[in-house]
Amino acid sequence: IQLLAWPLVNVDDVLVGNPDAPSVVVVEGSAERADYAAQLWSRRGLVARKLQGDRMTDDEGVFQEFSAAMQFPSYYRWGWDQLAGLLEDLNWLRSTTGYVIVVPNAERVLIDHSAQLPILLSILGEATDSWERAELTTPADRWRLTVRAFHTVLFTEHFEDLQAQWPIPLEVAEFTQVSDRRSR
């Protein structure tokens, strides 16, 4: 996991069209910044879905937020294996560009069950890997070949709290070269 502390337009540059973009990114920023990011990525053609980190304090909250935001099919039964399977499918959303999950208040995610945080982050990382190596398995899956992006961006205004609570070390990334898509 990397903390990217830079202007929002640059976070967009990391996600859109960058095959080396990390699967899960932690960004220091407010819920309003998360809203702006989701709108920006939606305008860029990604299916951007916002989950509420303050509602994801335990596994039930995680499953509820993913189910609602990702519009999981009615047959979805809450559980880590089921969540992993659905994030690697998403055929009902039919993006041709990619998916980005935006989570404000990330310091609250699984705060009551921090031992389950590595499970969630592993599932999100595996979903990214699955989309990157997508192969045509049936003619109906042809749309899947054009999608190569699945990312999760966690926003927090309390990075120190998040860093202290999470059982996973966060790598702070520094970027010196800035590109602005609007000038292109």
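See the structure shown above.
Anyway, here's the lowdown on the structure attached to this text. Remember, it's a predicted structure, so these values are computed and weren't measured experimentally. (Residues numbered from 1 in each chain as written. Predicted model: local features only at pLDDT ≥ 70, side-chain atom pairs only at ≥ 80, totals over all residues. Heavy atoms only, no water.)

**Focus on the nonpolar core**
As a rule of thumb, soluble globular proteins bury nonpolar side chains together. Phe66, Leu83 and Leu87 are the most contacted members of the largest nonpolar core, which totals 38 residues. Breaking this core down by element, the ones donating at least two residues are strand E2 (24-28), helix H3 (59-69), helix H4 (80-87), strand E4 (99-103), helix H5 (117-132), strand E5 (150-156) and helix H6 (159-165). For this core, the leading source of residues is H5, giving seven residues. Beyond its immediate sequence surroundings of up to four residues, Phe66 is in contact with Leu51, Met56, Gln71, Phe72, Leu83, Leu87, Ile101, Leu120 and Leu124. Membership of the second largest hydrophobic core comes to twelve residues, among which are Val25, Ala37, Trp41 and Val153. (Core = buried A, V, L, I, M, F, W, Y, C linked by side-chain atoms within 4.5 Å. Buried < 20%, exposed > 50% of the residue type's maximum accessible area, 1.4 Å probe, protein only. Helix = DSSP H or I, 4+ residues; strand = E, 2+ residues; numbered from the N terminus. Contact = heavy atoms within 4.5 Å.)

**Points about the environment of Leu117**
The residue Leu117 is located in helix H5 in this model. With a relative accessible area of 1%, Leu117 lands in the buried category. Sequence separation between Leu117 and Asp58 is 59 residues, and the spatial gap between their C-alpha atoms is 9.6 Å. With residues near it in sequence (within four places) discarded, Leu117 still touches Val109, Leu110, Trp166 and Pro167.

**Notes on empty space enclosed by the protein**
Under the definition given, this model contains one cavity of 30 Å³ or more. In this structure, the largest cavity spans a volume of roughly 50 Å³. Residue contributions to the lining of the largest cavity peak at four residues, all from H5. (1 Å grid on protein atoms, 1.4 Å probe; cavity = no way out; pocket = protein on both sides within 12 Å on 5 of 7 lines; lining within 4 Å. Points joined across faces, edges and corners; volume = space filled by probe spheres on them.)

**Let's talk about the packing of H3 against H4**
Where H3 contacts H4, the two axes come as close as 11 Å, and the packing angle between them is 25°. Taken together, the axes of H3 and H4 are roughly parallel relative to one another. Classified by chirality, the crossing of H4 by H3 is left-handed. Here Asp59, Val62, Phe63 and Phe66 of H3 come into contact with H4, specifically with Trp80, Leu83 and Leu87. Looking at the contact of H3 with H4, its residues break down into six nonpolar, no polar and one charged. (Axes fitted to C-alpha atoms, helices over the stretch in contact; angles between N-to-C directions. Parallel < 35°, antiparallel > 145°, perpendicular 65-115°, else oblique. Left-handed = near helix turned anticlockwise from the far one by under 90°. Nonpolar A, V, L, I, M, F, W, Y, C, P; charged D, E, K, R; others polar.)

**Quick notes on the environment of Met56**
Its location among the elements puts Met56 in the loop between strand E3 (47-50) and H3. On the accessibility criterion, Met56 (2% relative accessible area) is buried. Residues Met56 and Glu107, 51 residues apart in the sequence, show an inter-C-alpha distance of 9.9 Å. Each residue touching Met56, except ones within four places of it in the same chain, is listed here: Leu51, Gly61, Val62, Glu65, Phe66, Val103, Arg108, Val109 and Leu110.

Bear in mind that shape data such as this cannot, by itself, settle questions of function.
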